Structures are given as structure tokens and as C-alpha cells.
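Descriptive structure summary
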Amino acid sequence: MNSHPGGAAHTRRMLELSGLRPGARILDLGAGAGESVELLRDLGYGADGLDLAPRSPLVEQGDLLRTGYPDGSFDAVLSQCAFFVSGDMPGALRESCRLLRTGGLLLWSDVFFSPPEPLLTAAGFVLLAAEDMTPQWKEYYIDALWRGDALCCDLPRGKCSYWLLIGKKV
Ligand SMILES: C[S@@+](CC[C@H](N)C(=O)[O-])C[C@H]1O[C@@H](n2cnc3c(N)ncnc32)[C@H](O)[C@@H]1O
């Protein structure tokens, strides 16, 4: 089961907004159980996944903050609900930027306690598209609490939001 709000429709929406064409090389950071990697491969993308604790043979074990791939290896980095959990969003964005070729795309959705755009620009991206998914996130999170598998980390105080973002490496 996807561990982000919106499931496969959310991934398809990211692809639609990005304009990425089949054949593009995409790395899913924090790929979890590999659903998005599987979907991307089914749609004709060259997709790989990395996670600290992989839950599928489609996903390799590794730290998204220090992936070990050479600079500029990918056309796109996708990450859903993982940079926040890693505890180092700026570090995750810096590593994503390093992994992308110039003009490469970041397809990112996550939990935010501050506006997302400054984080993106500080890491070397320009924001191409943003969609507020906070209502879906609230629904998803309440459901996850009910199932007993909600995010269990120290959450900062303040207004929480969930955004789908497309950034371009400049
Ligand atoms: C909420 S789950 C999202 C999983 C998947 N992206 C999805 O949407 O179904 C967060 C994932 O991030 C992974 N993760 C957290 N910190 C990480 C790190 N430093 N490196 C790699 N993966 C990490 C966790 O193991 C977990 O699978």
C-alpha cells in the first residue's frame, strides 16, 4: 500500500504536471514498498528506487541523503512523503539536485511546516508547479492513525500542510 496521500493518482498527476516522457530515467527516493517504481516502469520510464528500509525487491537499500550515484545521473528525482521523514529536508534537496542533470526535474510531495518554495530555491531549483494537497493529507493521516501506521516522529508545532511540487534544476 502507498504511504502517501492520493496513491497512484498522485503519482500520475506529478507525471502530468512534469511533462516527463516515457524513457526518462527517474530515481524514487524513499521508495518504500515500490508502488511508484512499479507504476513508473509500467508507464515506460526507467525507474529505480532507494530506501533505508526497502519493502520490495524493486527498491534498493540506501540512504537518500547519501545515495552514492554519480552527479547528473537522472532526468528526474521523485519523492513522496520521505524527505520530511528523513529529518533533513535541505540535505535531501541538495542530494536530489546533485543527482539531476541540468534542467532535470524534481517531482516532490511532502509534509511542510513552512512555505516550500524557499527550500526549493535554496537548493538550486526553480518552482514550476505547486498543488496544495492538505485536505487529502488530513484524510490520509487520520486514516493512518486509525490503522496504527501513522508517521511517528516528533512533529514541530504550527500549521501543517502537504504540497505536491515540481521543481527544475537551474
Ligand atoms: C511515509 S514513507 C513513504 C514511502 C513511499 N515514498 C510511498 O509514498 O509509499 C517514508 C519512507 O522514507 C524512508 N526513509 C526515511 N528516511 C530515509 C533515508 N534517510 N533514506 C532513505 N529512505 C528513507 C522510510 O524508510 C520510508 O519507507
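Here, every reference points to the structure presented above.
Only a predicted model underlies this, so the values are computations on that prediction, with no experimental measurement involved. (Residues numbered from 1 in each chain as written. Predicted model: local features only at pLDDT ≥ 70, side-chain atom pairs only at ≥ 80, totals over all residues. Heavy atoms only, no water.)

Examining the side chain of Glu95
- Considering the arrangement of structural elements, one finds Glu95 in helix α4 (residues 89–99).
- Exposure remark for Glu95: the relative accessible area of 8% places this residue in the buried category.
- Of the polar contacts made by the side chain of Glu95, one reaches the side chain of Thr67; its length is 2.7 Å.
- Setting aside residues no more than four positions away along its own chain, Glu95 makes contact with Leu64, Leu65, Arg66, Thr67 and Gly68. (Helix = DSSP H or I, 4+ residues; strand = E, 2+ residues; numbered from the N terminus. Buried < 20%, exposed > 50% of the residue type's maximum accessible area, 1.4 Å probe, protein only. Polar contact = N/O pair within 3.5 Å; in protein donor to acceptor, adjacent residues only side chain to side chain. Contact = heavy atoms within 4.5 Å.)

With respect to the sheet that holds strand β6 (residues 125–132)
- Spatially, seven strands are ordered β3-β2-β1-β4-β5-β7-β6 in an open sheet, and the strand pairing comes out mixed. Single-partner strands in this sheet number two, and they are β3 (59–61) and β6. Each strand axis lies, on average, 20° off the axis of its neighbour in the sheet, ignoring direction.
- Pairing of strand β5 (residues 100–112) with strand β7 (residues 161–169), which is carried by eight bridges, proceeds in the antiparallel orientation. Across the sheet, the residue bridging to Leu105 is Lys168, located in β7. (Pairing = 2+ DSSP bridges. Axes fitted to C-alpha atoms, helices over the stretch in contact; angles between N-to-C directions.)

Observations regarding the site of the ligand
- Around the ligand lies a shell of 17 residues, among which Ser3, His4, Gly30, Asp51 and Leu64 are the nearest.
- Interatomic distance of 2.6 Å between a side-chain N/O atom of Asp51 and an oxygen atom of the ligand.
- The contact in question runs from a nitrogen atom of the ligand to an N or O atom on the backbone of Gln80, over 2.9 Å.
- Surface burial for the ligand is 88%, taken as the share of its 590 Å² of free accessible area covered by protein chains. (Near = heavy atom within 4 Å. Areas by Shrake-Rupley, 256 points an atom, 1.4 Å probe, with all protein chains shown as cover.)

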